[in-house]
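A structural walkthrough
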2 protein chains.
Amino acid sequence: MNTQRIIIVGGVAGGMSAATRLRRLIEDAEIVVLERGGHVSFANCGLPYYLGGVIEKRDSLLLQTPASLGSRFGLDVRVNHEVTAIDRSAKTVRVRDLVTGEQTVERYDALVLSPGAAPVRPPIPGGERMLTLRDIEDVDVAMSALSAAPRTALVIGAGFIGLEMVENLVHRGLEVTVVELGDQVLPPLDPEMAGPVAQRLRDEGVDVRLGTQVTELGPDTATLSDGTVVSAEFVLASIGVRPETSLAVAAGIELGSRGGIRVDDQLRTSDPSIYAIGDAVEKTDAVSGEQRLVALAGLANRHGRLVADVISGKTIRVRDAFGTAVVGVMGLTIVATGWNEKLLRAKGRDIRVIHTHPASHTGYYPGAESMSLKLIVDATTDEILGAQGVGGDGVDKRIDVISTAMAGGLTAADLADLELAYAPQFSSAKDPVNMLGYVDLNAVEGLTRSIQWHELAEELEAGAVLIDVRTPREYADGAIPGSINIPLDDLRARIAEIPERRLVVHCKVGQRGHTAVRILAQLGRDAVNLDGGYLTWSAGISARHSAAQHGADDQRASAETRAAA
Amino acid sequence: MNTQRIIIVGGVAGGMSAATRLRRLIEDAEIVVLERGGHVSFANCGLPYYLGGVIEKRDSLLLQTPASLGSRFGLDVRVNHEVTAIDRSAKTVRVRDLVTGEQTVERYDALVLSPGAAPVRPPIPGGERMLTLRDIEDVDVAMSALSAAPRTALVIGAGFIGLEMVENLVHRGLEVTVVELGDQVLPPLDPEMAGPVAQRLRDEGVDVRLGTQVTELGPDTATLSDGTVVSAEFVLASIGVRPETSLAVAAGIELGSRGGIRVDDQLRTSDPSIYAIGDAVEKTDAVSGEQRLVALAGLANRHGRLVADVISGKTIRVRDAFGTAVVGVMGLTIVATGWNEKLLRAKGRDIRVIHTHPASHTGYYPGAESMSLKLIVDATTDEILGAQGVGGDGVDKRIDVISTAMAGGLTAADLADLELAYAPQFSSAKDPVNMLGYVDLNAVEGLTRSIQWHELAEELEAGAVLIDVRTPREYADGAIPGSINIPLDDLRARIAEIPERRLVVHCKVGQRGHTAVRILAQLGRDAVNLDGGYLTWSAGISARHSAAQHGADDQRASAETRAAA
């Protein structure tokens, strides 16, 4: 009997999950892992925190070694070994030992490509000194640069990983500027959700530049597209990653429409002996059914295990990807899954949007923290299309529950019925996720119509009257220009004061607004609730204002911020 | 047009949710809430924490007043008003004003019963001084008793609420004894999950007496069923609640098989003009389809809203109940949903049980806390029947995800595919819930067979060889009697040492054991993994030992604890 020989290109996350699972499935297979870098199975998601000093020991990042994997799983793990070419007809790969320079040819029966994705480096004059953070070698270079004790840092890109870098450089005591080409931080979020994150960064002393590019790097400065020059002794780029496809392309393996390696539902590339997994591979989006690039460790690990199953002869089912993600920034937890409102509106989808501002647990038990949640729903089917959250304790719990509901095919209204664990220090009798379901039900049943913060200006222009049902004290502390204050508890008594016109009502978060709409509607009035209340409106308008201030060209923003001034 | 008149009996949780929802649905209805106690809408789940001083202000417990509910929702809320009889043919209730003694008769078109459940008081000589905790009046009495500065307290009953009482009395500085008739604390859990909770209580100085009753109360002592006398200056009973059905029974309304008010799928009692919700009502169990009493605030609130929908003319769908619950005890978070192993085995269900001991987040990021999870699955369909968890940070998150998966009809294997939010401080790339799915998949696919901690003795008796694949150092620190230590990494090399017999392998938590079983099975051996490893086995055996020590009569316990000694 010929022993099966399996070669895996790339020994992190997906690649190593595949290798260890393969051993558990096929004891007598020869399993060779070829890793270009000097380490396998390292904690790539921990790199920013090692940079920031939160993770103190470099060894903590090194979860396995070639020796430990060899003894436990009988794997032939070779670091500093780069696969330079695939000969598909001969079923061989050419391998270069990056230490000795020696070249060898290795035979395979099955080949698994798990090369990952490389950080994109913006092409900037002087950009040679710009660092990126992908592997242990990168983090060693960055730590060495930080040992020169720079006082200022520039982070290019304000996505999830970019903000982790900012967080950690601030934690190290550096003065940090973050430059983002888009008009908000955290592009997967909608602006009214991302706005408070940018505000928090600014409150913590970070210089956040939106709608801005770096045009040139000097020895310890950076010139920005608005002409300003900022101090930037340490520069890190985090503007995204690009799938590592050169090896596949050179071998004639097909790519997909998004530039990643295309695989079928059994993780096979266009060559049936070659499989691919991880960040280099396109996934199927769970919401749109389209192909998508999504670089997430969870999916890489999961697909690593699945590809081992396929190679061992099983038939697998690869689930479509929602892209659930979380990041911690300056004490805020920020989460997202599925699609955002921006993308869905751009696609012309008929959606319903819900904003809430609940507490992490009952208000009467000490330590409750506030959060903002957003749910995006198909207006016809009530399918959950996406969700976002920003806040303190318990935000990660709520996105995991929603993501699970999406995987289970539950509708938004079904969220009302979820039985979530409740004691006063953990939640409320109606958990924030239940509340999203309740609000959705009110819309489904036609009880309360609502409008979004970005639709208010148009409503007012068309002649609607805006009624603020908060208390006079809340109103005095800040109100939407042009609103009339009639507290909820006075609404029935003062109904004669309210003009017989289209009415938009609002409170702080939307809950009293809902009751007000019910009162007005039952009294025969045409009333809608401002979804998410004053808090969502303020966050949205501030985000626009901030984007406009920092160069983002948005007509609506300048119009509304004038109105809000 | 006649105005509809709706009377609601009971103004807490379900009753008040019904009332406020009714107002939002029917602006012109007359809605009368009759509450026997002095307060409505108070924070009943907060009472133990007010007792313990965690919630400092009594006012924090009073969420609404009759006046605030009157002005906002136009509700006629009458506290200290007891409904003493229902005349179903006349559609009236007789009401007594408990302050003035005045009796009136009130007409209704629809009547909602939300009377709740009363704490059960064990009939003990001297038991008059025993307190219970249901409402504000009770907590006032208890606070008054505590103001006399007792040094010792006795809590009767170690269920979820009983342990909240223990926690809070310890927090106040009292020396606490807790007495439980059953052979473990927290009866909804299985013994190996509850054992570590009892241990934590003992570590914190609580005197935990299992398999024990209080037989008599003296002025400041209690006599227990084992003859010992303990100091008990303050005595609180928490042995469960009994549905308040006397009003319904007197009116000829039917009860269900469990002694709660029986309602149909539209929350109607046997009288179509009378509805019932909350703790007094039987629910349908989501796992068994049987009727069940389950006293949970979330369900009461949900059903309150639903009954309002029915009364306003909608058709509702009431979901079956899983009974998801959480409690915090001495820094541990303890959760459960669905059915436990004890009950399912007693019913003869063919089940698969999985124990894991994951960390709350990646080990390389500081502050990870350990937890123990248990998943119980239908062996044929892979349906999730129940789950339990004990540990630190993030246990509540995992039960909420599992509960949501159950609601969405996901199988245990589907848990592997959940996309849960991952960054190093929040989870692992394979979240603990994913890992439960991975372990289940290994069983579904027949890769690794496992046995439970309580099945080990029988295996060994039948001649199986027990192999401990942990490191020599782990083995030296404590091992299962009779086991042979062959570390996982040496297993292939030392295969000749292993007898050709039935093999049970184990590690610390079950993961290395799984790899060992795969190696042995592929080498042609008959090997099974001890599920949950040494940790689960130790917890189970300790729980038995502790139960036996404290009088619980369990032959297996004494046999196994001798073996473990």
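Under the annotation held in an unreviewed UniProt entry, chain A carries the name FAD-dependent oxidoreductase and is attributed to Lysinimonas soli. According to UniProt, the comment filed for chain A under the heading Sequence similarities (unreviewed entry) is "Belongs to the class-III pyridine nucleotide-disulfide oxidoreductase family." On record in UniProt, under Cofactor (unreviewed entry), the comment for chain A is "FAD".

All names here are of chain A. Spatially, the four strands line up as an open sheet ordered β11-β10-β9-β15, and their pairing is parallel. Two strands in the sheet have a free side with no partner beyond their single neighbour: β11 (207-209) and β15 (234-237). The mean inter-strand angle of the sheet, taken between neighbouring strand axes irrespective of direction, is 15 degrees. Bridge count between strand β9 (residues 152-156) and strand β10 (residues 175-179): five bridges; the pairing is parallel. Of the residues in β10, the one forming a bridge with A153 is V176.

Moving on, we get to helix α10 (residues 395-407) of chain A. All names here are of chain A. The end-to-end C-alpha separation of α10 is 19 Å, in line with the 18 Å expected for 13 residues at 1.5 Å each. Burial runs high along α10: 12 of the 13 residues are buried. For α10, every residue scored as buried is listed here: V395, D396, K397, R398, I399, D400, V401, I402, S403, T404, A405 and M406. Just downstream of α10, G409 is the residue with a positive phi angle, here 70 degrees.

Turning our eyes to something else, we now look at the relation of the copies chain A and chain B. Superposition record for chain A on chain B: RMSD 0.0 Å, screw rotation 180 degrees, translation along axis 0.0 Å. Put plainly, the chains are arranged around a two-fold axis. A high fraction, 100%, of the interface residues of chain A reappear at the interface in chain B, so the copies pair face to face through one surface.

What follows covers the side chain of H355(A). All names here are of chain A. Relative to the assigned elements, H355 resides in strand β22 (residues 351-356). Taking relative accessible area as the criterion, H355 reaches 3% and is therefore assigned buried. A distance of 3.2 Å separates polar atoms of two side chains, one belonging to H355 and the other to Q452. A distance of 2.7 Å separates polar atoms of two side chains, one belonging to H355 and the other to D531. In this structure, H355 is in contact with E192, M193, L373, K374, Q452, W453, V509, D531, G532 and T536, ignoring residues within four places of it in sequence.

For the rest of this paragraph, the subject is helix α15 (residues 533-549) of chain A. A rise of 1.5 Å per residue sets the reference length of α15(A), with its 17 residues, at 24 Å; its end C-alpha atoms lie 24 Å apart and thus fit the reference within 8%. Burial within α15(A) is extensive, with 12 of its 17 residues counted as buried.

Per the UniProt entry, the sites bearing "domain: Rhodanese" (unreviewed entry) are residues 460-542 of chain A in this numbering. Note that residues 460-542 of chain A is 35% helix and 17% strand, and that its end C-alpha atoms are spaced 19 Å apart.

As a further point, take the interface of chain A and chain B. Listed per partner, the contact involves 83 residues of chain A and 83 residues of chain B. In total, chain A and chain B occlude about 7100 Å² of area from one another, counting both sides; carbon and sulfur atoms represent 53% of this. Together, R72(A), Y364(A) and E419(A) form the three largest contributors to the area buried by chain A at its contact with chain B, with a combined 12%. A salt bridge links R317(A) to D414(B); the shortest N-O distance between them is 3.1 Å. Put simply, chain A and chain B have 48 residue pairs in polar contact (both at pLDDT 80 or more) between them. Ranked by the residues each element gives to the side of chain A that touches chain B, the list is headed by α10(A), at nine residues. Classifying every residue of the side of chain A that touches chain B gives 39 nonpolar, 19 polar and 25 charged.

The topology assignment puts T269(B) in the loop between α7 (246-250) and β17 (274-276). Not counting the four nearest positions on each side in its chain, T269(B) is found in contact with I253(B), I261(B), R262(B), V263(B), I274(B), Y275(B) and A276(B).

Let us look at a negative patch on the surface. Taken together, the side chains of E369(A), D393(A), E369(B) and D393(B) make up a negatively charged region of the molecular surface. Its location among the elements puts D393(A) in the loop between β24 (384-391) and α10.

This next bit is on the pairing of strand β15 (residues 234-237) of chain B. All names here are of chain B. Side-chain alternation along β15 places F234 and L236 on one buried face and V235 and A237 on a second face that is also buried. By the bridge criterion, four bridges tie strand β9 (residues 152-156) to β15 in an arrangement that is parallel. Bridge assignment links L154 to a residue of β15, and that residue is V235.

Residue and element names in this part refer to chain B. If you walk across this open sheet you meet the five strands as β3-β2-β1-β7-β17, and the pairing is parallel. Both outer strands of the open sheet, β3 (76-78) and β17, are each paired with one neighbouring strand and no more. Averaged over all neighbouring strand pairs, the angle between strand axes comes to 15 degrees, with direction disregarded. As judged from the three bridges shared by strand β2 (residues 30-34) and β3, these two strands associate in the parallel manner. When the sheet's bridge partners are listed, L34 is paired in β3 with R78.

So, on to the domain arrangement of chain A. Residues and elements named next belong to chain A. Here chain A is partitioned into domain 1 (5-116 + 242-311), domain 2 (127-239), domain 3 (331-444) and domain 4 (450-564). Measuring from the centre of the C-alpha atoms in domain 1 to the corresponding centre in domain 3 gives 35 Å. Each side of the interface is counted separately: domain 1 has four residues, and domain 3 has four residues. Counting the surface domain 1 buries against domain 3, the share from its top three residues, V287, S288 and E290, is 83%. Inspection of the region where domain 1 meets domain 3 yields one salt bridge. Two residues, E290 and K347, come together in a salt bridge whose shortest N-O distance is 2.7 Å. Put simply, domain 1 and domain 3 have two residue pairs in polar contact (both at pLDDT 80 or more) between them.

A few words on the environment of G101(B). Positionally, G101(B) belongs in the loop between β5 (92-97) and β6 (103-107). Each C-alpha atom of the pair G101(B) and S403(B) lies 47 Å from the other, and the pair is 302 residues apart in sequence.

This part is about the pattern of salt bridges. Here the structure, examined in full by the defined rule, presents 88 salt bridges over all chains. R78(A) serves as the salt-bridge partner of D76(A), at 2.8 Å between the closest nitrogen and oxygen. With a shortest N-O distance of 2.6 Å, D285(B) and R292(B) are connected by a salt bridge. Linked through salt bridges whose partners overlap, the residues forming this network are R5(A), E30(A), D76(A), R78(A) and E106(A).

A few words now on empty space enclosed by the protein. Residues and elements named next belong to chain A. Tallied over the entire structure, the rule returns one cavity of 30 Å³ or more. Taken as a whole, the largest cavity encloses approximately 30 Å³ of empty space. Along its surface, the largest cavity is lined by L113, P115, E244, L247, A248 and I261. Here the residues of the lining of the largest cavity sort into five nonpolar, no polar and one charged.

Residues and elements named next belong to chain B. Inspection of the secondary structure assignment puts D285 in the loop between β18 (283-284) and β19 (291-292). Residues D285 and A412, 127 residues apart in the sequence, show an inter-C-alpha distance of 19 Å. Excluding residues within four positions of it along the chain, D285 makes contact with E290, R292, D320, A321 and W339. Among the polar contacts made by the side chain of D285, one reaches the main-chain amide nitrogen of V287 at a distance of 2.8 Å. Polar side-chain contacts of D285 include one of 2.8 Å to the backbone nitrogen of S288.

This brings us to the packing of helix α1 (residues 14-25) of chain B against helix α8 (residues 297-311) of chain B. All names here are of chain B. Relative orientation of the contacting elements α1 and α8 amounts to 35 degrees, with a least axis distance of 7 Å. As for the relative orientation of α1 and α8, their crossing is right-handed in sense. On α8, the residues touching G14, S17, A18, R21, L22 and L25 of α1 are A300, N301, G304, R305, V307, A308, D309 and I311. The residue makeup of the contact of α1 with α8, split by class, is seven nonpolar, four polar and three charged.

So, about unusual backbone geometry. Within the chain, L186(A) stands out as a residue other than glycine whose phi angle is a positive 50 degrees. Assessed through its relative accessible area of 0%, L186(A) is described here as buried.

This brings us to the confidence of the model for chain A. Residue and element names in this part refer to chain A. Mean pLDDT for chain A: 95, with 97% of residues reaching 70 or above. Within the model, the stretch residues 552-565 combines pLDDT values under 50 with 17 contacts to residues more than four positions away or in other chains. Across the interface, the model reports ipTM at 0.95; the global pTM reads 0.95.

Calculation notes
- Residues numbered from 1 in each chain as written.
- Chains lettered and ligands numbered in written order.
- Predicted model: local features only at pLDDT ≥ 70, side-chain atom pairs only at ≥ 80, totals over all residues.
- Heavy atoms only, no water.
- UniProt positions renumbered as here; feature names shortened; annotations may be inferred.
- Pairing = 2+ DSSP bridges.
- Helix = DSSP H or I, 4+ residues; strand = E, 2+ residues; numbered from the N terminus.
- Axes fitted to C-alpha atoms, helices over the stretch in contact; angles between N-to-C directions.
- Expected span 1.5 Å × (residues − 1).
- Buried < 20%, exposed > 50% of the residue type's maximum accessible area, 1.4 Å probe, protein only.
- Least-squares fit on C-alpha atoms with pLDDT ≥ 70 in both.
- Contact = heavy atoms within 4.5 Å.
- Polar contact = N/O pair within 3.5 Å; in protein donor to acceptor, adjacent residues only side chain to side chain.
- Buried area = accessible area lost by both parts, 1.4 Å probe.
- Salt bridge = Lys/Arg side-chain N within 4 Å of Asp/Glu carboxyl O.
- Nonpolar A, V, L, I, M, F, W, Y, C, P; charged D, E, K, R; others polar.
- Patch = residues over 30% accessible without salt bridge, like charges linked within 9 Å, V, L, I, M, F, W, Y side chains within 5 Å.
- Areas by Shrake-Rupley, 256 points an atom, 1.4 Å probe, with all protein chains shown as cover.
- Lys, Arg positive; Asp, Glu negative; His and termini not counted.
- Charge placed at Lys NZ, Arg CZ, Asp CG, Glu CD.
- Domains from an automatic or database assignment.
- 1 Å grid on protein atoms, 1.4 Å probe; cavity = no way out; pocket = protein on both sides within 12 Å on 5 of 7 lines; lining within 4 Å.
- Points joined across faces, edges and corners; volume = space filled by probe spheres on them.
- Left-handed = near helix turned anticlockwise from the far one by under 90°.
- pLDDT = per-residue confidence, 0-100.

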